[in-house]
Each structure stands twice: as C-alpha cells, then as structure tokens.
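Architecture and fold: a report
As a plain string of letters, each chain reads:
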Amino acid sequence: MKNNTLDYAKIVKTARESRNLKKKDLGEAIGVGKSTIGNYESGYSAPSIKTLEKIADVLGYPLFDLLSLGFDDPSELSLPRAAQSTSETAVAYVSEQNISERTLSMPKYMDAYITMPSFMLDDENSYLCIKMPDNSMTNDRISKNDFLIIKRASIVPDMSVVLALNTVSGDYLVRKYYRKDHIVSLLPSSDSNDYSIISYDERDNKYKIFGYVEKALINIK
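Everything numeric here is computed off the predicted structure, so don't read it as measured data.

So, the packing of helix α2 (residues 23-30) against helix α4 (residues 49-59)
α4 packs onto α2 with a crossing angle of 110 degrees between their chain directions and a minimal axis gap of 10 Å. When the axis of α2 is compared with that of α4, the two are roughly perpendicular. Note that α2 runs across α4; the crossing there is right-handed. Contact residues: α2 offers Leu-26, Ala-29 and Ile-30, while α4 offers Thr-51, Lys-54, Ile-55, Val-58 and Leu-59. Across the contact of α2 with α4, the residue classes break down as 6 nonpolar, 1 polar and 1 charged.

Quick notes on unusual backbone geometry
Despite not being glycine, Arg-141 shows a phi value in the positive range, around 60 degrees. In this structure, Arg-141 sits in the loop between β3 (127-131) and β4 (147-152). You can call Arg-141 exposed: its relative accessible area is 73%. At Asn-145, a residue that is not glycine, the phi angle is positive and equals roughly 75 degrees. You can see Asn-145 is positioned in the loop between β3 and β4. Here Asn-145 falls in the partly exposed class, since its relative accessible area comes to 37%.

Digging into the pairing of strand β9 (residues 207-217)
Pairing geometry for β4 and β9, over 6 bridges, is antiparallel. Bridge pairing in β9 places Arg-152 opposite Gly-211. When strand β5 (residues 161-166) meets β9, the two strands line up antiparallel, connected through 5 bridges. Within β9, the position partnered with Leu-165 by the bridge is Lys-208.

As for the packing of α2 against helix α3 (residues 34-42)
Where α2 meets α3, the closest approach of the two axes is 8 Å, and the angle between their N-to-C directions is 110 degrees. One finds that α2 runs roughly perpendicular with respect to α3. Listed contacts from α3 to Lys-23, Lys-24, Leu-26, Gly-27 and Ile-30 of α2 are Lys-34, Ile-37, Gly-38 and Glu-41. For the contact of α2 with α3, the class distribution of residues is 3 nonpolar, 2 polar and 4 charged.

Each value, and the rule that gives it
- Residues numbered from 1 in each chain as written.
- Predicted model: local features only at pLDDT ≥ 70, side-chain atom pairs only at ≥ 80, totals over all residues.
- Heavy atoms only, no water.
- Axes fitted to C-alpha atoms, helices over the stretch in contact; angles between N-to-C directions.
- Helix = DSSP H or I, 4+ residues; strand = E, 2+ residues; numbered from the N terminus.
- Parallel < 35°, antiparallel > 145°, perpendicular 65-115°, else oblique.
- Left-handed = near helix turned anticlockwise from the far one by under 90°.
- Contact = heavy atoms within 4.5 Å.
- Nonpolar A, V, L, I, M, F, W, Y, C, P; charged D, E, K, R; others polar.
- Buried < 20%, exposed > 50% of the residue type's maximum accessible area, 1.4 Å probe, protein only.
- Pairing = 2+ DSSP bridges.

What follows is the structure, encoded as structure tokens:
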C-alpha cells in the first residue's frame, strides 16, 4: 500500500477512466462539479466515504473493489466474486501511521473503510482492519502484512489473538492474550527469539486491548 494509506487520487482517476467517463460526467452523476473531481484526482482533497459510495454505485463497482484500486497490488484485498454480497459490513481500516488510542476509539479518525460480505462478520459488532506488523504469530498462520479483521471487545477470552496498543510508545502488538489475576501476558507463537513474552500488571494501563482477531485476509484473489 502506498505510504500505508489509501491513494484516493488513484482510486477516483482509475475508476473513472476504466468506465471512459469525463470528469464533468462523473461529477454530474454524483452531484459535484468537474473541479471537485479534479481535486480528488490531484490529491488536493479526499472524497468522503459517502462520496466514494456514490462513485462506486455510478461506476458499477462494489465499494470493496473500488477501494482496492488504491493499493499497490489491486488484488491484495479483492474478495472473489462468489463471496460478494449485496449486504455488506463496513470495516474501518487503520494505517500503521495512524494507530493510536484516539484513532482506534473514534471512527472519524479512521484512515478509510473497506467492506466485507455480511455473512463473514457478525453485524452486531464493530470491527477494525489493521496490517500485521511482524511475524510474531506465524505458528497461528498470521504473517507480517496480512490484513487482520479485529472484533472490538473490552473483555477477551484467554489465548485469543488480540490487538494490544502500548499507550506510552504508540506501538501495537498482535499476540495471544493470557490473564492471571491482574497480570496479563502477551505471548508470541513464533519460534524466533526476536519476539519475547510481554507481561504487565493491567492496573498500570501501559497496554490497552482493543479486541481480538476474527479473520486474517491473506492475498485473497
């Protein structure tokens, strides 16, 4: 992904040109001027998620496919057609640059959104999508740069794979969670010595658990 964020200029321009539409025509179709489309395509401004939904509808793209145009490898987040559904769940994608307690807690600070077919997720819960930062969980078939769908939860079961944020440094970890009394341990599953067990007293608030991994997207085509 370019600079770990979605390239909105690339999304709009590539999608528009793929349908042989002029900027003026696309603008009229979604209710904005030609100059607004020009601003999107130059990177001067970014469209909102509602605007992207309108563009996707006008151009005949599922929103998930439209957003995938903003990645270096458009197939990286492309679900198979057979898995697509008219009923979709929006999942907030958070780039590595923007992961913070503020970002994870407030949807308006999210970097972008992707959509998942509703049958793959429970609509009654909210989700985050992050990129796996390292290879600490390879024995659980989760590798660096996999896209992880995190189910938000304040209480998680022991030995579930969780997203933990270091509230001091801003670093984030994806590790197995184990709690005994007030002591929490974040356990890697890799055999590598590069990844050690992190244990802390949960009362000191150094780490915050935001939820657990429900799905890993590994270059789905």
